[in-house]
Amino acid sequence: MLHIKNIQAGYKDKIIVDNINFSLEPKSLTGLLGLNGTGKTTLLKAISGLLKPISGQVLKGKEDLLKLNEKERARHISYMSHRHSIIYDTKVIDVVLMGITSYLSIFETPNKSHREVAYRMLELVGMEIYADKNLLELSEGQKQLIIIARSLMQNAEIMIFDEPDSALDFTNKHIILESIKNIIKNQNKIGIITLHDPNLAIKYCDKIIILKNGTIFSEFNPRDVNTDYLLNIFSNIYGEISIVEHMDKYIIVR
């Protein structure tokens, strides 16, 4: 279990998220929803240590991961932004190998066994045939899968995804989210993901947390609630909506 305790975070004198408390379980994917500006990315950065929180803890057992240095923390938490920062020609296999950095000493470079592991990570996301290709020549959906493989190479038990479906078409959104869902379950990871589309969260997430005005507005398992509950919760966030039930699943329509 991972316990997020009393997280307060922001920028300069402005508090963005306040009094955030929840727990994350292994083999489960938690969806973080909310309108733009409500603090989703700020919260993820605070949890991952990319942004130093004003107060709070991220506890794995009794260990506060925020007290670790950057390299040590990277062995526990991987963070995948909605935009990768690679803008130069790089082989796909070398991108994946970047995930091993936190395990190498200052002058050490990836060896043959590391490359074998990186290839296996590409196999897990179905991208092994692109191992020697230039990352920049791939589609956005393929690039996202490569970055997921890099996160897997990090071998962190906690995987954080910030809008990994952004800028993807309908088919690739589902490919990416299906891959993430399967990885979290099959690799015994703890996953948390920010999404804009509540329908994707309902379909792929084991738990949904909704932020409103920088605090937790609602937290629930989408399989344990009914139409009335969803209508009440989501109408408070998105305004006038309808809930359609189809094949034992709920679809939000606006």
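The preceding data block contains the structure.
Structure report, in brief. Just so we're clear, the structure is a prediction, and the values are computed from it rather than from any experiment.

Looking at the overall build of the chain
Then step 1. When helices and strands are tallied, the chain shows 8 helices and 12 strands.
Then step 2. Relative to the 2.2 N^0.38 estimate, which gives 18 Å for 254 residues, the radius of gyration of the chain is 19 Å and therefore close to what a compact globule would have.
Then step 3. Projected onto its principal axes, the C-alpha coordinates of the chain cover approximately 55 × 40 × 30 Å.
Then step 4. Buried positions account for 50% of the 254 residues belonging to the chain.

Let's talk about helix α4 (residues 112-124)
Then step 1. End to end, α4 covers 19 Å across 13 residues, agreeing with the expected 18 Å (1.5 Å per residue, within 8%).
Then step 2. Summarising the contacts, the buried residues of α4 are in contact with α3 (92-97) and α5 (140-153).
Then step 3. Looking one or two residues past α4, G126 carries a phi angle of roughly 70 degrees, positive in sign.

Some details on the nonpolar core
Then step 1. Judged by nonpolar contacts, the single largest core of 53 residues is most densely connected at L122, I146, I148 and F234.
Then step 2. The element contributing the most residues to this core is α5, with 7 residues.
Then step 3. I148 has contacts with M80, V125, M159, F161, I176, I180 and I183, leaving out every residue within four places of it along the chain.
Then step 4. The next biggest cluster of nonpolar side chains, apart from the first, holds 27 residues, and it includes I4, L43, L65 and I77.

Remarks on the pairing of strand β7 (residues 158-162)
Along any regular strand the residues' side chains alternate between the sheet's two faces.
Then step 1. Burial analysis of β7 places 5 of its 5 residues in the buried class, which makes it a mostly covered element.
Then step 2. Burial along β7 is two-sided: the face carrying I158, I160 and D162 and the face carrying M159 and F161 are both buried.
Then step 3. Relative to β7, strand β6 (residues 77-80) is paired through 4 bridges, and the arrangement is parallel. In the strand pairing of β7, Y79 is matched with I160.
Then step 4. Bridge count for β7 against strand β8 (residues 190-194) is 5 bridges, and the pairing is parallel. Paired with I160 across the bridge in β8 is I192.
Then step 5. In the classification by handedness, the crossover that spans β7, the intervening helix α6 (residues 170-186) and the parallel β8 is right-handed.

Observations concerning the sheet that holds strand β9 (residues 207-212)
Each strand in a sheet pairs with another by means of backbone hydrogen bonds, the pair being arranged parallel or else antiparallel.
Then step 1. Read across the open sheet, the 6 strands follow the order β6-β7-β8-β3-β9-β10; overall the sheet is mixed. With partners counted over all chains shown, the strands left at the sheet margins are β6 and β10 (215-220), one partner each. Along the sheet, successive strands turn relative to each other by an average axial angle of 20 degrees, direction set aside.
Then step 2. Of the strand pairs in this sheet, strand β3 (residues 28-33) and β9 are connected by 4 bridges, and their pairing is parallel. Within β9, the position partnered with L32 by the bridge is I209.

Observations regarding the environment of I93
Then step 1. Following the sequence through the fold, I93 ends up in helix α3.
Then step 2. The class for I93 is buried, based on a relative accessible area of 5%.
Then step 3. Beyond its immediate chain neighbours, meaning those up to four positions away, I93 contacts R115, A118, Y119, L122, A131 and D132.

Examining the packing of α4 against α5
Then step 1. One can describe the packing of α4 onto α5 by two numbers: an axis separation of 9 Å at closest approach and a directional angle of 130 degrees. By the angle between their directions, the pair α4 and α5 is classed as oblique. In this structure, α4 meets α5 at a crossing whose hand is right-handed. Taking contact as the criterion, the partners of H114, V117, A118, M121, L122 and L124 in α4 are, on α5, I146, A149, L152 and M153.
Then step 2. A class-by-class count of the residues in the contact of α4 with α5 yields 9 nonpolar, 1 polar and no charged.

Analysis parameters
- Residues numbered from 1 in each chain as written.
- Predicted model: local features only at pLDDT ≥ 70, side-chain atom pairs only at ≥ 80, totals over all residues.
- Heavy atoms only, no water.
- Helix = DSSP H or I, 4+ residues; strand = E, 2+ residues; numbered from the N terminus.
- Rg over C-alpha atoms; globule rule 2.2 N^0.38 Å.
- Buried < 20%, exposed > 50% of the residue type's maximum accessible area, 1.4 Å probe, protein only.
- Expected span 1.5 Å × (residues − 1).
- Contact = heavy atoms within 4.5 Å.
- Core = buried A, V, L, I, M, F, W, Y, C linked by side-chain atoms within 4.5 Å.
- Pairing = 2+ DSSP bridges.
- Right-handed = clockwise from strand over helix to strand, strands pointing away.
- Axes fitted to C-alpha atoms, helices over the stretch in contact; angles between N-to-C directions.
- Parallel < 35°, antiparallel > 145°, perpendicular 65-115°, else oblique.
- Left-handed = near helix turned anticlockwise from the far one by under 90°.
- Nonpolar A, V, L, I, M, F, W, Y, C, P; charged D, E, K, R; others polar.

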